[in-house]
Amino acid sequence: MKYLIIFYFLMTALWAEHNYTNALIKEDSPYLQQHAHNPVNWYPWGKEAFEKAEKENKLIFLSVGYSTCHWCHVMEEESFTDDAVAKSLNENYISIKVDREELPQLDKKYQQLYMAMHGERGGWPLSIFMSPRAEVFHLATYIPIEEGYGSKGMMNMLPSFSRLQHENAKQLQALVDKHKEATLKGNAKESLKEKLTLKVMDRVLDEISAEFDKENGGFASRPKFPEASKIELLLSIYKLKGNQKALLMAETTLKKMAEGGIYDQIGGGFFRYTTDIAWQIPHFEKMLYTNAELIPVYVSMYELTANPLYKKVVDETIEQMELHFMKEGLYLSASDADSDGEEGGYFIYSYEEVKEALLAQGLKSKDVEEALAYLGIEEDGNIDIEFSHTHITSTKVAAKLCEVKAYLRALSAKRTFPFIDTKIITAWNAMMIKALFSASKLDSKYLSLANQRLEALLKLMRKGDVLYHQTLLGKVAKQEGLLEDYAFLMDAMIEGYLRTYDKTYLIQLEALAKEAIHKFYKNRQWYLSDDGIQAEADFDDRYYTSALSVMLENLVRLASLTEELDYNEIVKETIKASGAVLETNPAKAPKLLRTFLRLKMGDVIIKANAKKLQKSRKQIEAMKYPFVLSKPEESDKYLACRVNSCFSYDTNITVLINKIKEVVHK
């Protein structure tokens with residue numbers, strides 16, 4: 001009996017030693033909860049952690065990631081669950097975990113510093129080492145536990161930095177100073193040196209052509225991101241100038257993505273990016289924002305070409321978001337790359353297993369082989385030796401494709417769907433709502449859905465005159481809205497207003513614009529938040545469209561719809577003060593360039609009574625000029641107006657549109 005008691009206490013002690021709980025247990029974020037039982041004594045971002053670091057004179061280790069990030073999972077499994085790493089961190093550091101989707105402004109601040117220090121983009125996980133006074137002295141992304149991947153490894157770095165603090169304070173301070181200089185340089189905004197003209201369209205086409213992949217589409221080698229804002233710019237330039245090269249680059253990219261591995265050929269929807277040049281091998285996480293931003297450009301391409309492939313992509317992508325990402329009328333943020341610990345496990349297939357099952361269902365061998373070949377499911381696999389990821393390999397559709405895809409969907413449904421981060425993010429929901437409004441041009445059923453989703457979002461995230469950034473269902477939203485929340489919500493509401501002419505949207509838009517300017521535009525500089533983090537907004541569209549560029553276009557359109565010309569003055573001030581990228585490298589800021597073109601060339605606002613506008617909607621939407629708005633006004637005639645005056649009118653919409661063409665294409 002005595003030995004049983006000793007054994008019990010030994011096992012209890014051993015269990016307790018490995019059943020850790022840290023301060024993240026009190027946090028709502030699904031990502032922070034993933035780390036709540038790490039042996040690392042994590043703290044959330046906040047005053048407590050920084051005061052403790054300064055009081056105890058400990059270095060700070062700040063780790064930024066998100067719940068569906070594959071390499072974040074890898075670093076956790078290697079390092080943050082390792083007792084030796086945890087011991088080193090707990091003894092010598094204050095460790096802080098940040099969910100980048102909760103605090104994107106904080107992530108952006110340090111990503112900008114990473115770019116300034118290394119001359120290239122960072123990523124996730126982002127690993128930041130700071131002095132006890134929260135001064136950065138080293139930045140990295142994924143760090144292996146031991147030396148490798150060009151890194152010294154956590155087990156070498158942690159004691160090395162600790163020794164540096166205690167044995168060579170001057171060298172540590174020199175590293176801090178170096179990062180401070182980089183911060184100042186990175187934050188320096190260059191103003192336009194000369195007046196920008198429409199020739200910038202030729203310059204940006206040359207730049208995009210130089211980076212364009214003629215064979216596969218897209219604008220990089222690897223990794224390869226969709227870059228929806230760049231495609232939107234190309235389509236706008238085509239509509240303005242009739243430039244066939246712009247159309248070719250946009251259509252090649254959209255077609256290759258729709259047929260490639262970046263698109264889920266079985267379930268629908270896009271993965272975040274691919275690791276290869278041919279859009280074949282994706283990083284299997286699906287982000288709400290990726291899909292939301294691609295839907296409108298596929299809508300535009302369908303309107304230009306009537307190619308059913310593009311409408312199919314729109315319908316399937318919305319269906320996928322509704323099936324897996326929608327809950328209680330709101331959209332969840334992302335799904336993981338991993339399924340049961342295997343990257344892409346939900347989405348890949350074994351040739352032999354699938355073929356045998358389909359033959360057992362009575363399909364002919366020839367039909368099965370033809371369909372599997374069409375879907376790129378190979379005997380030797382294309383992901384590893386056995387498994388294949390689907391992509392379209394032929395222009396000839398296999399005869400039994402529908403039956404084979406139905407089986408593959410059923411097969412995947414038996415697997416564990418990847419983890420879904422259940423955060424409700426205002427900005428990303430707004431992107432998806434805009435996508436629904438846009439898709440309603442192709443199918444009216446999406447219009448009521450967009451209105452429902454917008455109503456649900458505003459009910460949850462807009463309380464009085466306060467907009468909130470993110471929350472979980474069942475929780476009370478606490479974190480106030482960021483620039484991106486205002487920007488993308490306004491973008492969605494403008495699209496909604498143009499589709500419905502609901503006056504309440506316009507009233508809310510004006511209120512949101514005033515709040516955003518008050519909160520984020522200070523001393524002619526835009527900030528990502530109003531919480532003291534002091535993260536400056538930029539024009540980078542790489543992962544998703546710059547919130548600042550979206551906000552600026554919102555203000556231009558709002559000036560046209562409300563005749564409040566002060567909005568345009570703010571846009572002009574911003575571009576003049578910090579828009580030098582349009583002179584030096586406009587392809588890096590496609591949304592900003594499109595906003596500049598809109599401001600320079602001017603909106604055309606078509607006015608008439610609401611009944612006449614609804615009746616003429618298809619003709620108005622078919623106009624080639626990309627900067628057309630419409631607004632109800634009590635008039636029996638159609639009016640064509642600029643921001644501050646009207647230049648033509650007629651009782652016949654076709655006649656008016658022809659008059660508009662004469663003006664805008666002079």
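If you're wondering where the values come from, they're calculated on a predicted model, not measured in any experiment.

What counts as what
- Residues numbered from 1 in each chain as written.
- Predicted model: local features only at pLDDT ≥ 70, side-chain atom pairs only at ≥ 80, totals over all residues.
- Heavy atoms only, no water.
- Axes fitted to C-alpha atoms, helices over the stretch in contact; angles between N-to-C directions.
- Helix = DSSP H or I, 4+ residues; strand = E, 2+ residues; numbered from the N terminus.
- Parallel < 35°, antiparallel > 145°, perpendicular 65-115°, else oblique.
- Left-handed = near helix turned anticlockwise from the far one by under 90°.
- Contact = heavy atoms within 4.5 Å.
- Nonpolar A, V, L, I, M, F, W, Y, C, P; charged D, E, K, R; others polar.
- 1 Å grid on protein atoms, 1.4 Å probe; cavity = no way out; pocket = protein on both sides within 12 Å on 5 of 7 lines; lining within 4 Å.
- Points joined across faces, edges and corners; volume = space filled by probe spheres on them.

Undergrad: What am I meant to see in the packing of helix 19 (residues 483-500) against helix 21 (residues 547-562) here?
TA: For any two helices packed against each other, the geometry comes down to the angle between their axes and how far apart the axes lie. Running from N to C, helix 19 and helix 21 cross one another at 40 degrees; their axes reach a closest spacing of 9 Å. When the axes of helix 19 and helix 21 are compared, the pair comes out oblique. Between helix 19 and helix 21 the crossing geometry is left-handed. Each of Leu483, Glu484, Tyr486, Ala487, Phe488, Met490, Asp491, Ile494 and Tyr497 in helix 19 lies in contact with helix 21, whose residues at this interface are Ala547, Leu548, Val550, Met551, Asn554, Arg557, Leu558 and Leu561. Of the residues in the contact of helix 19 with helix 21, the class split is 13 nonpolar, one polar and three charged.

Undergrad: What should I look at first to understand the packing of helix 20 (residues 503-520) against helix 21 in this one?
TA: Relative to each other, helix 20 and helix 21 sit at 130 degrees, their axes nearing to 11 Å. The angle between helix 20 and helix 21 places the two elements in the oblique class. The crossing of helix 20 and helix 21 is left-handed. Packed against helix 20, whose contacting residues are Leu506, Leu509, Glu510, Ala513, Ala516 and Ile517, the element helix 21 presents Met551, Leu555, Leu558, Leu561 and Thr562 at the interface. Of the residues assigned to the contact of helix 20 with helix 21, the class counts are nine nonpolar, one polar and one charged.

Undergrad: When you look at the layout of surface pockets in this model, what are you seeing that I'm missing?
TA: Left-over empty space is what a probe sized like a water molecule reveals as it rolls over the atoms. Its boundaries defined by the atoms lining it, the largest pocket holds a volume of some 1,500 Å³. Forming the walls of the largest pocket are 48 residues, and the residues nearest its centre are Lys108, Met115, Asp538, Phe539 and Asp540. Secondary-structure elements contributing two or more residues to the lining of the largest pocket are helix 6 (104-118), helix 8 (169-187), helix 10 (228-241), helix 21 and helix 23 (581-584). Counting residues per element, the lining of the largest pocket draws most heavily on helix 6, which supplies eight residues. Considered as a void within the structure, the second largest pocket measures approximately 1,200 Å³ in volume.

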